[in-house]
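Results of the structural survey
The residues making up each chain are set out below.
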Amino acid sequence: MDKREYQWAWLMVLPVVLIVAFSAIMPLMTVVNYSVQDIFGPGSRFFVGTEWFKEVLRDPALHGALIRQIIFSAAVLVIQIPLGIALALCMPKKGPWVSVALVLLALPLLVPWNVVGTIWQVFARPDVGLAGVAINSLGFDYNYTGDPIDAWFTVLVMDVWHWTSLVILLCYAGLQAIPDAFYQAARIDGASRWAVFRYIELPKLKGVLLIAILLRFIFSFRIYAEPFVLTGGGPGNSTTFLSQSLTTMAVGQFDLGPAAAFSLIYFLIILLFSYVFYLTILNMDREG
Amino acid sequence: MARIELNNLAHQYAPGGEYALQPMQHVWEDGGAYALLGPSGCGKTTLLNIISGLLTPSQGQVLFGDQDVTRLPPEQRNIGQVFQFPVIYDTMSVFDNLAFPLRNRRLSEDYVSRRVTQIAGMLGLDEVLKRRAKNLTADAKQKISLGRGLVREDVAAVLFDEPLTVIDPHLKWQLRRKLREVHEQLNLTLVYVTHDQTEALTFADKVVVMLAGQVLQVGTPQALFERPEHTFVGYFIGSPGMNFMDCQVEGSEAIVAGERIAVDPAMAAAASESGGQLQLGIRPGLIRPAAADEAGLMIQVDQVEDLGDYELITGHLGEHKIHVRLEESEKIGSDGLKVVFPTEHSLLYADDRLVGGGA
Amino acid sequence: MSLMLEGIHRSVGGEMFLEDINLTFERGEFNVLLGLTEAGKTTLMRIMAGLEPPNSGRVVEDGTDVTRTPVRKRSVGMVYQQFINYPSLSVYDNIASPLKLAGLSKTEIDQRVRTEAERLGIDHLIDRLPSELSGGQQQRCAMARALVREAKLVLLDEPLVNLDYKLREGLRSELRNLFADRDTVVVYATTEPEEALILGGKTTVLHEGRVIQHGITAECYRHPANTTVTQVFADPPMNLMPVEVVDGHLLVEGLLRAPLPAHMRDLAPGHYTLGIRPHHLFVHAADGLIPLHGQVEVAEIAGSVTYIHVEVNGRDWVIEERGVHAVHPGEQFDLYLDPARAYAFDSADQLAAAPMTQSE
């Protein structure tokens, strides 16, 4: 009796399995297939085993891109998560300003990614951009197309502008879900503002922070359009991140084999980091 | 510890709007256990919030002892509060939860440990002190909330907002008992808000019955049961509530549906004087069946509910619906039930108020 | 119409929820499912409704196996603890919704909705939205919706538990009349013994997923099959004490020695559990009562009665007294037991002697 039911259940999920197979699994298998072959043209390919993986792992340009990528993602998390929490705490809890604040926060998220790059490209230009001119007039010698530090600074500020809203919105929703009684109890217990944050708000935000960290990590690790538009990866290759190297390799040089191997490694790195974050946060307050 | 004085206190949420709390004047004694009882919307939670400092009244004062605290925020009032749902600090152990209010006030760790152990012992939490509070049952969590209120020796009062809502019915009496014990041991002023009569009557020395922002009666459980000062109190306390029948008064007798019922002469006199709509009130359990050779009132029986321990008779006297509670052993005749309304339990009400007040 | 449950088992992930349930419910009958929280009442109702399949066993409706017939194809009305109504529909449309789904004519829908609303006393609220009603009125609306389609089976899962007790009191006594002349099987789950007694009909006592007694409600109350029933089907629970029967006497070392009351004369010597209801313990001495001694734990005052919790010989006992009595925790306390009203359960935990009632 139960067996019949399970078969029925499998039948029900079959459409989804098929869609996922076509949209995700088959392209992935194609990539796996490419990563172990050397392809010269249609009908002309050789099996090369793990050769491409070895090559990619040995490539110093990619090492550089990976290190820059890790530093960039770390910087994004270190800046945006605390900033997002802090701003969420400052948000109005009720009243007409709530909707105003929410609309303002949603704006950067609605802008297409390459447009974000364009906006900042103009905004930060040292000759005509508002921000660029302002910084220079304060006496700093600022030029994001010439100086790697300035370029990094610009990319980071742009990303903060673009994405911190997401963290704020998530945290805000989490904070709104905390019943008033907790705040009242804490006041009565004589808790300081810091203690309220540390013992009530932060523990209750755990769930949304997990989501925020994962989303921000994955998005920032895959960042492509904005820096590509803004700096084109330069000056030199100082703001060339992994996805840009990958695109150059696959589309620019048409090295499909190494690019496929690279993609798989890239994919595994994201998976691994995400899993580590997930476990860490989940285990944060196990009974000890 | 302190006595609580409500001095000409009233509250309107909007100026000129309806009174959420009608002006009132009360003194609650130091070390007393008070319950605020009433249906939802009666103003009991508003009153509690005014006492705890979450709400500033639009009129009048709240005094703790001699100190006017009307405008002080909760954290400056030295109160403890237990909410409807357990409030615990998830990431802390039970010990740290209980120690939290003390550590916030920078008391020595030595003292904290002594005091927490003492309170935990009183509440039966000593076994779980090292456990993480998050993983405990609802009743244990509620005990922790209570413990955080009790742990400070300087608390003026501990306030409870329907604290047993989430507790399994079969564990409720154990927590009620804990509360009574705690009250006897610590001699604290306790204020307890509830809509449940059992909880209010069990918990409190004095029950404050409220309706529509007004305090109808402040009295001991016994007084509320035996001499309700308002028909609503009679109806609200006791299951089923008190019977009320429209009546006239002649001499020292009340006339209900043509039947003459003897009442206290002084009360009858006061009733004839007061005028207004007169009603006779009597508790279903205080009506007694008449002996075979005794004169009595004949009640037409409509329904008999066998409740195991007793029978609940729904019947009518003239056009007045009436409930009578009978012991299992008492019998109903074929032509109805002959009963006696004992004089000492037959009360007169004029315009819903007990005649002669709380005399 | 009858509903039969045959050998129902239900477990999820090795955890047993229901075990070997065999019951028959007849139409026009009021059936109470009584049990503590998590006794399996809700699971059993879900299986009856077809919302959840049992692991084994059958649900038979009028001789047809409906075990795996999904609820949409059955004729079931359900009322839950929460007041569940369509928030954007008026009371009228809420009650009409099952009839519209059934495709009835407008005039018939109108007539049935109005009749049902009137029976539940909400005919004057028919144009309001659920959010504009009090809790009691919302639950009346939900009940009207469950009843209006005249389903073959109506299930009520603790429908009064979220109401203030005064509202509960009112609705409870109406309920029995509400179902009195319907051609339907009514099953009503509750944790409260008093509710079962007021509703009458038949009672099934569930405990830890098993049926521990089934029969006419008053009968179950007066003749509890075992000590577990005395704890589930009585509030406060029956007071229990291990006793020995020797030489025609009840004996508890250091507490009591008294001649056996008439209804226990036939008990063979040996070990028993004595059971006595809280209202058959008294605070004043009288003829024929056995004096006992204990220590007060707390007095619970429930309006018309006071429950005095007393520790007697290491056991928590409760005395029920009419009216309001104040006692102090820790006080030494004399109490008196009416042996003619006591129960005895044998060493296999089966009822061995019950007091005689007037109906016998």
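Bear in mind the structure is a predicted one, so any value in this text is a computation, not a measurement.

Cut-off values and rules
Residues numbered from 1 in each chain as written. Chains lettered and ligands numbered in written order. Predicted model: local features only at pLDDT ≥ 70, side-chain atom pairs only at ≥ 80, totals over all residues. Heavy atoms only, no water. Helix = DSSP H or I, 4+ residues; strand = E, 2+ residues; numbered from the N terminus. Buried < 20%, exposed > 50% of the residue type's maximum accessible area, 1.4 Å probe, protein only. Contact = heavy atoms within 4.5 Å. Areas by Shrake-Rupley, 256 points an atom, 1.4 Å probe, with all protein chains shown as cover. Lys, Arg positive; Asp, Glu negative; His and termini not counted. Charge placed at Lys NZ, Arg CZ, Asp CG, Glu CD. Expected span 1.5 Å × (residues − 1). Arc of directions from axis to C-beta. Domains from an automatic or database assignment. Buried area = accessible area lost by both parts, 1.4 Å probe. Salt bridge = Lys/Arg side-chain N within 4 Å of Asp/Glu carboxyl O. Polar contact = N/O pair within 3.5 Å; in protein donor to acceptor, adjacent residues only side chain to side chain. Nonpolar A, V, L, I, M, F, W, Y, C, P; charged D, E, K, R; others polar.

Thoughts on the overall build of chain B
Helix and strand counts for chain B stand at nine helices and 22 strands. For chain B, the C-alpha atoms occupy an extent of roughly 75 × 50 × 30 Å along the three principal directions. With 359 residues in all, chain B has 57% of them scored as buried. Across chain B, every contact between residues at least 6 apart in sequence was considered, and the portion connecting residues at least 24 apart equals 66%. A total accessible area of about 14,200 Å² is found for chain B, and carbon and sulfur atoms account for 46% of it. Charge-centre separation for chain B: the mean point of 32 positive side chains lies 11 Å from the mean point of 47 negative side chains.

Some thoughts on the side chain of T198(B)
With respect to the secondary-structure elements, T198(B) resides in helix α6 (residues 197-203). The exposure class of T198(B) is buried, given its relative accessible area of 17%. Discounting residues that sit within four places of it in the chain, T198(B) has contacts with R176(B), I301(C) and A302(C).

What about helix α3 (residues 109-123) of chain B?
All names here are of chain B. An ideal rise of 1.5 Å per residue puts 21 Å on 15 residues; α3 measures up with 21 Å between its terminal C-alpha atoms. Within α3 the residues assigned to the buried category are V112, R115, V116, I119, A120, M122 and L123. The buried side chains of α3 occupy one side of the element, clustering within an arc of 155 degrees when seen end-on. Opposite the packed face of α3, turned more than 90 degrees from it, sit the exposed residues D110 and R114. Among the residues trailing α3, G124 stands out with phi positive, at a value near 75 degrees.

Focus: the domain arrangement of chain B
When the parts of a complex come together, some accessible area is lost, and that lost area is often used as the size of the interface. All names here are of chain B. When cut into domains, chain B gives domain 1 (4-232) and domain 2 (241-354). Each partner contributes residues to the interface: domain 1 has 10 residues there, and domain 2 has 10 residues. Taken over both partners, the interface formed by domain 1 and domain 2 buries close to 970 Å², and the fraction arising from carbon and sulfur atoms is 55%. At the surface where domain 1 touches domain 2, the tally comes to zero salt bridges. Here domain 1 and domain 2 share five residue pairs in polar contact (both at pLDDT 80 or more) between them. Of all the elements, helix α7 (residues 221-226) adds the most residues to the side of domain 1 that touches domain 2, at three residues. Of the residues in the side of domain 1 that touches domain 2, the class split is four nonpolar, three polar and three charged.

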